Amino acid sequence: MRSVENAVKAIDELALFGGKPMFAEPLHVGRPNVGNRQNFELRVADILDRRWLTNGGKYVKELEQRIADLVGVKYCVAMCNATVALEIAIRALGLSGEVIIPSFTFIATAHALQWQEITPVFADIDPRTHTLDPAKIEQMITPRTSGIIGVHLWGNCCDVEGLSEVAKRHGLKLLFDSAHAFGCSYRGTMIGGFGDAEVFSFHATKFLNSLEGGAVVTNNRELAEKFALMKNFGFTYYDRTDYIGTNGKMNEISAAMGLTNLESMDDFIAVNRRNHKQYAEELAGIKGISLLSYDGREKCNYQYIVLEIDQGQTILSRNQLMEILHKENVLARRYFYPGCHRMEPYRSYSPHAGMLLPETEKLVNRVLCLPTGTAVNESQISKICQLLRLLVDNGTEIATRLNR
Ligand SMILES: Cc1ncc(COP(=O)(O)O)c(C=O)c1O
């Protein structure tokens, strides 16, 4: 293990018990990666000089082409964020009634449906991949079901074959929320070309950001045309609309940021990968803490450091560990607690949904995400790992003191 100065040495020194926090400044999960500042500034200057700020500008077009090439799909439509991109994709696909999604996802997956009065029906996940379990979907299908939205959580691909097979058998549309999965592959094929369409997020917290932003990708020309019209109010010509649309356009400054960050994408991934390797090495052997691994044979963005906490061994619960880390200024996050089915309005609509979601219910109390990305350095990671080791080694004593 790397030796680190100022690491917490004894439990009396924990900030929880009145000691000085380990870090003077908060360490966030998802602190933005920023590519070459000068390149960004040059692009922004050009945008201002040309006074073309949005509406099909050259930087948005260039970004769309770069994404389509990188992912290996025919069409990419950039949008203002992934939530609106999901809403548009859902509408363009003609989804209605009920759509099956995991509950273990960011709330936007569910809200994008409910916003259009389509009911999200939550199905359970495979505890090994944290993604939808195709075997659990069949029992959720009713005559009102029109589609499935799989979520490639943490960049880990869903069981695409399993989901496609169920969708095909029941005549359902298949959309993927790929907010986490830009730059990731599945069996050697880049994520983006599966199902009817896929949606990426380039939000500031994603490893590749366009400040705010998202994109829908597909190989279906007709669908791509619909996405492009719907994100621009449905305008087919200056003064003509053929169906309802919204304002989902990405602006030029966002596209400039996206293009600038794309230039550094390999560097961001290399840092994430190195961080993940270091966490894996330094957390190894801590009882009750396991780190989600990524398939080394696939392309992966290593965007998330996902721990699973087994309280039976750590004694301290996931929430207690999180609270102690927060006191030390490590702002670990319990993504995606408590599960969409336990958040409003879904909890009121279907108070017993959890009965069919045993794996989700377990996982929401186990997951803890740690800081990574270009804003976190090697020494900080070592300190975080040493802290976690100290907490687990002294779990019983700390828990006793907490309960006093
Ligand atoms: C799984 C998932 N879907 C959708 C979104 C929404 O993305 P955006 O913030 O770009 O709207 C997020 C954002 O974090 C997400 O994690």
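Residues numbered from 1 in each chain as written. Predicted model: local features only at pLDDT ≥ 70, side-chain atom pairs only at ≥ 80, totals over all residues. Heavy atoms only, no water.

With 98% of its residues at a pLDDT of 70 or more, the chain has an overall mean of 96. Note on residues 1-5: pLDDT under 50 across the span, and 15 contacts to partners over four residues away in sequence or across chains. (pLDDT = per-residue confidence, 0-100. Contact = heavy atoms within 4.5 Å.)

Right, let's get into the packing of aromatic side chains. Applying the stated criterion to the full structure yields 14 aromatic pairs. Ring geometry for Trp154 and Phe336: centres 5.4 Å apart, planes at 25 degrees, overall stacked. Placement of Trp154 in the loop between strand S7 (145-151) and helix H5 (160-170) and of Phe336 in the loop between strand S17 (330-331) and helix H11 (346-349) is noted, with a sequence separation of 182 residues between them. Exposure class is identical for Trp154 and Phe336. Each is buried. Judged by centre distance (5.9 Å) and plane angle (85 degrees), the ring pair of Tyr186 and Phe194 falls under edge-to-face. (Phe/Tyr/Trp six-rings, centres within 6.5 Å; stacked < 30°, edge-to-face > 60°. Helix = DSSP H or I, 4+ residues; strand = E, 2+ residues; numbered from the N terminus. Buried < 20%, exposed > 50% of the residue type's maximum accessible area, 1.4 Å probe, protein only.)

With that settled, the discussion passes to the site of the ligand. In the vicinity of the ligand lie 15 residues, with Thr83, Asp177, His180, Ser201 and Lys206 positioned nearest. Here an oxygen atom of the ligand and a side-chain polar atom of Ser201 are 2.8 Å apart. Against a free-state accessible area of 390 Å², the protein chains account for coverage of 91% of the ligand. Where the shell around the ligand is concerned, the elements lending two or more residues are helix H3 (82-92) and helix H4 (107-114). In the shell around the ligand, the residues fall into five nonpolar, eight polar and two charged. (Near = heavy atom within 4 Å. Polar contact = N/O pair within 3.5 Å; in protein donor to acceptor, adjacent residues only side chain to side chain. Areas by Shrake-Rupley, 256 points an atom, 1.4 Å probe, with all protein chains shown as cover. Nonpolar A, V, L, I, M, F, W, Y, C, P; charged D, E, K, R; others polar.)

With omega at 0 degrees, the peptide bond leading from Tyr337 into Pro338 counts as cis. By secondary structure assignment, the location of Pro338 is in the loop between S17 and H11. Following Glu344, the chain continues into Pro345 via a peptide bond in cis, with omega recorded as 5 degrees. For Glu117, which is not glycine, the phi dihedral falls at a positive 60 degrees. We classify Glu117 as exposed; its relative accessible area is 70%. Its identity as a non-glycine residue notwithstanding, Tyr302 has a phi of 50 degrees, on the positive side.

Okay, the side chain of Ser201 next. Looking at where Ser201 falls in the secondary structure, it is placed in strand S11 (residues 197-201). A polar contact is formed between the side chain of Ser201 and the backbone nitrogen of His203, at a distance of 3.1 Å. Sequence-distant contacts of Ser201, defined by excluding residues within four places in its chain, comprise Ala82, Ala179, Lys206, Leu208, Gly213 and Gly214.

Here we come to the packing of helix H1 (residues 37-50) against helix H7 (residues 252-263). Packed helices, taken two at a time, are described by the angle their axes make and the gap between the axes. Between H1 and H7, whose axes approach to 9 Å, the crossing angle comes to 155 degrees. In this view, H1 runs roughly antiparallel relative to H7, as classed from their interaxial angle. As H1 packs across H7, the resulting crossing turns out to be right-handed. From H1, Asn39, Phe40, Arg43, Val44, Ile47 and Arg50 reach across to H7, where they touch Glu252, Ile253, Ala256, Met257, Leu259, Thr260 and Glu263. (Axes fitted to C-alpha atoms, helices over the stretch in contact; angles between N-to-C directions. Parallel < 35°, antiparallel > 145°, perpendicular 65-115°, else oblique. Left-handed = near helix turned anticlockwise from the far one by under 90°.)

Another aspect to go through is the pairing of S7. Of all seven residues that make up S7, seven are buried, and the element is covered over most of its length. Judged from the three bridges that link them, strand S3 (residues 98-102) and S7 form a sheet pairing that is parallel. Bridge pairing in S7 links Ile100 to Ile148. In terms of handedness, the path from S7 via H5 over to strand S8 (residues 173-177) forms a crossover that is right-handed. (Pairing = 2+ DSSP bridges. Right-handed = clockwise from strand over helix to strand, strands pointing away.)

Judged by pairing direction, the sheet is antiparallel, and its three strands sit side by side in the order S15-S16-S18 without closing on themselves. Each edge of the open sheet carries a strand with a single partner, namely strand S15 (289-291) and strand S18 (367-370). Between one strand and the next, the sheet's axes are offset by a mean angle of 30 degrees, whatever the strand orientation. Here S15 pairs with strand S16 (residues 305-309) via three bridges, running antiparallel. Its bridge partner being in S16, Ser290 is matched across the sheet by Glu308. On top of the sheet, helix H10 (residues 318-327) reaches S16 and S18; it is set at about 20 degrees to S18, its chief contact.

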